[in-house]
Amino acid sequence: MSTHSRSQRALGIAVALALAVTVSACGGRDAGRSGDAAEGAPSPGITDTTVTLGITTPLSGPTAGPGTCTVAGVTAYFGAKNAAGGVGFGDGKTRTVEIQALDDTYDPQQAAANYDQLKGEVFAMTAGLGTPTNRAWREAAIADEVPQVLIMTGDPLFSDTQQSPWQLGFVPIYQNEGAAFGELLASSGAAHRVAILSQNDDFGAGYVEGFKSAIEGAGNIEVVGELTYEATDTSVDAQITDLANSGADVFFNAMSVTPLVIAALQKAQQLGWTPSWFLPSNTSSPTAILEPGGAAAFPGIYSVSFAKAPQSPAFAQDPDVVEYLAALKQYGNYPDPPAFPHCHWSWMIGATLEQAFQNMKEPTRDSFMEALRAIKDFQAPLMLPDTAVTTSESGQPAVSTVVVQKYNGRGYDTVEAFE
Amino acid sequence: MLDSVLVYGLAAVILGGLTSPVGVVIAAWIIGVLENLAAVYVGFIGFDLKVAVPFILIFVVLIVRPQGLFGRKTVVRV
Amino acid sequence: MTRPTATPASSFSALRQRPWVRWAVPLLLVVVLAVLPLVLTEAANDTLARIGVFAVAVLGLNVVMGYTGQISLGQIFFLGLGAYVTAYGVTNDWNIVLVFVLTCLIPAVAGLLVALAAARLGGLAIAMVTIALPIVGVPLAKRLSEFTGGSQGVSARFTDAPEGSGLYDDQWQLYLVLVIGGIVFVLTRFLVRGKYGRAFAIVKGNENVASSMGISPYRYKVLAFTIASLIGGVSGFLYMVVVQYTSPETMSFGHSIELLVAMVIGGAGSIAGSLLGGAFYVVVPNLTNAVDPSLTALLQGALLLVVLFVLPGGLVSLPRAVMRGLRRSPAGRGHAAPPTTPSPTTGSGPAAEEPDTERLGRA
């Protein structure tokens, strides 16, 4: 009997505790539901002097590195703007931009919880990293009419205006990147045998799909081996060994895990297999990956890009890069030069958002989406020549043009043809 | 991150037998070799499901030898 | 000084023995839970619904681990399986009752099959077999992409409030969770308090003793595991009710460990502890996010250590610890303040040695 009464008491305490926690966490706001606002009234998260943006992204766990960058870049951009007085909006007011970032540890459930927490307080959600974590609350965002824009996923779903009216991806969809390299290879004229190793998810599959569609019909390209690996694997030695035996002279390596790329480069050298090597834009950092991987041993390391690599010596004196690195240190809470490209992509997101802010006529989410979807050929800071932000094209993310680059021992050079 | 190391470690210990340090090392070898052979030569396993190999191996072995490949039987007194 | 504190406590417990109190308390609870969704904010409703989801999952884990003493590291797999079955059924426009029955049955059958083999093995080997479930489950879910949507996952929005009910979506979802979760909790309570519960306890205590009493440890281990899987499937259904999206990430190994942590923190072998465990699973990430989003993992690990050091029996033992502290403190005033209330912010001490623990849980 004593256990009985004890657990009843505990049950009472449990309920009281749950109540206390939730009430205290949410107290101060009335029971109003989002989506109730009258036509034309300001949306949540925007006043005459401030606008608040929400981010849910992995800030701890294995993807914390790029995740932290997605917050740091845009925070630095608007930190610098706020310090200079704020951003001029299309309705004639000048507002400062606040960022509220929450950690989702790459867990879709937590991402959805973060969204629920933020949606009443922020004007728009932006910059979050991850496909499942963004998909988890995509439909909720559509139902609540909350913008989920310029997010960091190459999933084409977010750039389809029909299916995702309140969404827009920022980075090129995976297919764009794979296709850019495929086209270069197909146009080279010479015969090539290609081995493919891709991550077993939408990231890897997207690259391979884009690549294959670009080489379709090109008689000079033959795919001689195709394998996958898991993002959680700690080694891809077995796959590299297998592919080395295929005798391929080009290796299409759609891999998003930094240590695995380095290990793959080293393993191939150990086996005496030195093909021309393709890497995605997010795992092609010269300092963080290619140098430790000993990439100089290969005839060519190719990647695609739309942004000037801040760590590359070629751009060390570039005014965009200097400004970006200084702001990142001062306002982005990111003292070291970042190893992940997500930092400067996030900075470019800030610039793109500012464009939309300048053109929105009313302080509403509708007006914001309209302005955001009307950006054409905007040359964001840090962008390479021949690339631009264009948001008006359905089915394409904000940045859909990429240039193929080749590693030159220190940084990258844009190339026109495969050598 | 490193949870796979943990899992493979535990798998080797249980397969080899809790009472046999040498057995654990041998079991670890067996797991590593068999796993990669299965990934390449067994079609439906492939590289994505190769992680299942040590578990299947453990399962089969433990049904036959609950104390592990090289472990000693322990007698429990009531 | 001693008397005034002791008297209300003892009269309070005497009061609880009265029959009308024993009926009134659950009744009051039901009334409170029925009114609650209507008065709370949307965010509070969402949070409560999530707590319900994971409380059910932790409850399932408690049946097999807390009550029967078998280490199971695979509970999240059954949650994920239930979620996938729900998502598949809903996207194919099956009858929702059928979908719910299937989300109970399929995980239960899967659990039964695993248990039939796993329960032959003792101790660590069961842990090893159950650990395999989430680890193999993730690539398997990617492989079976025609059913699961591959790594991009599936979303299924089927729990919008019905027309004419006058409820908001979040209120409707919370009601669903409360009703389904409530039934599961009540049934489980009867199960573990009854004949089967006593058999589970004996198997947990000593299998040889159980055999000598005519209780087959094998049969009861299989039974406990199957029930745990069934409850896991139900929590998967609730997961889809609330989160409305599932992907292979849902059943990643780290979450299985987090469920286990939640169970231990809440209180192993306790119905109320399951509820507290669910609350811990959901509320703590929100709290740590509010403190500093870039230190969530660190803070959660620190909190875990603090709770376990102060309350080894889990949060459910808090009232007893408080009582003990109250009784003792007047006499022994001065030495040792009662080690009772864990403060979420006192985590700075153990924080330094924390990352390893956290890695296990989260990686």
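Residues numbered from 1 in each chain as written. Chains lettered and ligands numbered in written order. Predicted model: local features only at pLDDT ≥ 70, side-chain atom pairs only at ≥ 80, totals over all residues.

Undergrad: Describe in detail the overall build of chain A, supporting the description with residues and values.
TA: Scanning chain A for helices and strands turns up 13 helices and 13 strands. C-alpha extents for chain A along the principal axes are approximately 70 × 70 × 40 Å. Put simply, chain A has 419 residues, and 56% of those count as buried. By sequence separation, contacts in chain A at least 24 residues apart represent 71% of the contacts at least 6 residues apart. (Helix = DSSP H or I, 4+ residues; strand = E, 2+ residues; numbered from the N terminus. Buried ≥ 20, exposed ≤ 12 C-beta atoms within 10 Å, placed from the backbone. Contact = placed C-beta atoms within 7 Å.)

Undergrad: A description of the sheet that holds strand E10 (residues 276-279) of chain A should follow, citing residues and the corresponding values.
TA: Residue and element names in this part refer to chain A. Here 7 strands make up an open sheet; going across it, the order is E8-E7-E9-E10-E11-E12-E13 and the pairing mixed. Of all strands in the sheet, those with a lone pairing partner are strand E8 (221-229) and strand E13 (412-414), marking the two edges. Each neighbouring strand pair of the sheet contributes to a mean axis angle of 25°, computed without reference to strand direction. Running over the sheet, helix H7 (residues 202-215) touches strand E7 (192-199), E8 and strand E9 (250-254) and is turned about 160° from E7. (Pairing = 2+ DSSP bridges. Axes fitted to C-alpha atoms, helices over the stretch in contact; angles between N-to-C directions.)

Undergrad: Any chance you could break down unusual backbone geometry for me, citing the residues and the numbers?
TA: Despite not being glycine, Tyr106 of chain A shows a phi value in the positive range, around 65°. Residue class for Tyr106 of chain A comes out buried when judged on the 24 C-beta atoms lying within 10 Å of it.

Undergrad: Would you mind going over the packing of helix H8 (residues 169-193) of chain C against helix H11 (residues 217-242) of chain C in detail, with residue names and values included?
TA: Residues and elements named next belong to chain C. As a packed pair, H8 and H11 sit with axes 10 Å apart at the nearest point and diverge in direction by 170°. Relative to H11, H8 is oriented roughly antiparallel. Mapping the contact onto sequence places Gln173, Leu176, Val177, Ile180, Gly181, Val184 and Thr188 in H8 and Ile231, Val234, Leu238, Val241 and Val242 in H11. Counted by class, the contact of H8 with H11 contains 9 nonpolar, 3 polar and no charged residues. (Parallel < 35°, antiparallel > 145°, perpendicular 65-115°, else oblique. Nonpolar A, V, L, I, M, F, W, Y, C, P; charged D, E, K, R; others polar.)

Undergrad: Let's hear about the confidence of the model for chain A: which residues, and what values?
TA: All names here are of chain A. For chain A, mean pLDDT is 83; residues scoring 70 or higher make up 90% of the total. Counting interchain partners and residues more than four positions distant, the pLDDT-below-50 stretch residues 1-7 has 6 contacts. Contacts of residues 21-32 to residues separated by more than four positions or lying in other chains number 16 contacts, the stretch itself having pLDDT below 50. (pLDDT = per-residue confidence, 0-100.)

Undergrad: How would you sum up the pairing of strand E1 (residues 50-57) of chain A? Please name residues and give values.
TA: Residue and element names in this part refer to chain A. Burial of E1 is extensive: 6 of the 8 residues sit out of reach of the surface. Pairing analysis gives 8 bridges linking E1 to strand E3 (residues 94-103), with the strands arranged parallel. Residue pairing in the sheet places Leu53 in a bridge with Ile99 of E3.

Undergrad: Outline the domain arrangement of chain A, listing residues and values.
TA: Residues and elements named next belong to chain A. In terms of domain boundaries, chain A breaks down into domain 1 (43-172 + 306-401) and domain 2 (175-305). Each of domain 1 and domain 2 has a C-alpha centre, and these two points are 29 Å apart. With 14 residues of domain 1 at the interface, the matching set in domain 2 holds 13 residues. Classifying every residue of the side of domain 1 that touches domain 2 gives 8 nonpolar, 5 polar and 1 charged. (Domains from an automatic or database assignment.)

Undergrad: Which residues make up the environment of Thr131 of chain A, and what are the values?
TA: Mapped onto the fold, Thr131 of chain A is located in helix H4 (residues 131-135). Residue Thr131 of chain A is classed as buried on the basis of its 25 C-beta neighbours within 10 Å. When near neighbours in sequence (up to four residues on either side) are disregarded, Thr131 of chain A contacts Thr153, Asp155 and Asp202 of chain A together with Gln152 of chain C.

Undergrad: Any chance you could break down the packing of helix H4 (residues 75-91) of chain C against H11 of chain C for me, citing the residues and the numbers?
TA: All names here are of chain C. For the pair H4 and H11, interaxial distance at closest approach is 7 Å and the crossing angle is 50°. Between H4 and H11, the angle is such that the two are oblique. The two elements H4 and H11 cross, and the hand of that crossing is right-handed. Every residue of H11 that contacts H4 at Gln75, Phe78, Leu79, Gly80, Leu81, Gly82, Ala83, Thr86 and Ala87 is listed here: Ala228, Ser229, Gly232, Gly233, Val234, Ser235, Gly236, Phe237, Tyr239 and Met240. The residue makeup of the contact of H4 with H11, split by class, is 10 nonpolar, 9 polar and no charged. (Left-handed = near helix turned anticlockwise from the far one by under 90°.)

Undergrad: Can you lay out the sheet that holds E3 of chain A for me, pointing to particular residues and giving the numbers?
TA: Residues and elements named next belong to chain A. Read from one edge of the open sheet, 6 strands run E2-E3-E1-E4-E5-E6, paired in mixed fashion. Sheet topology places strand E2 (87-88) and strand E6 (167-169) at the edges, where each strand pairs with a single neighbour. Taken together, the 2 bridges between E1 and strand E4 (residues 124-126) define a ladder with parallel strand orientation. Of the residues in E4, the one forming a bridge with Leu53 is Ala124.

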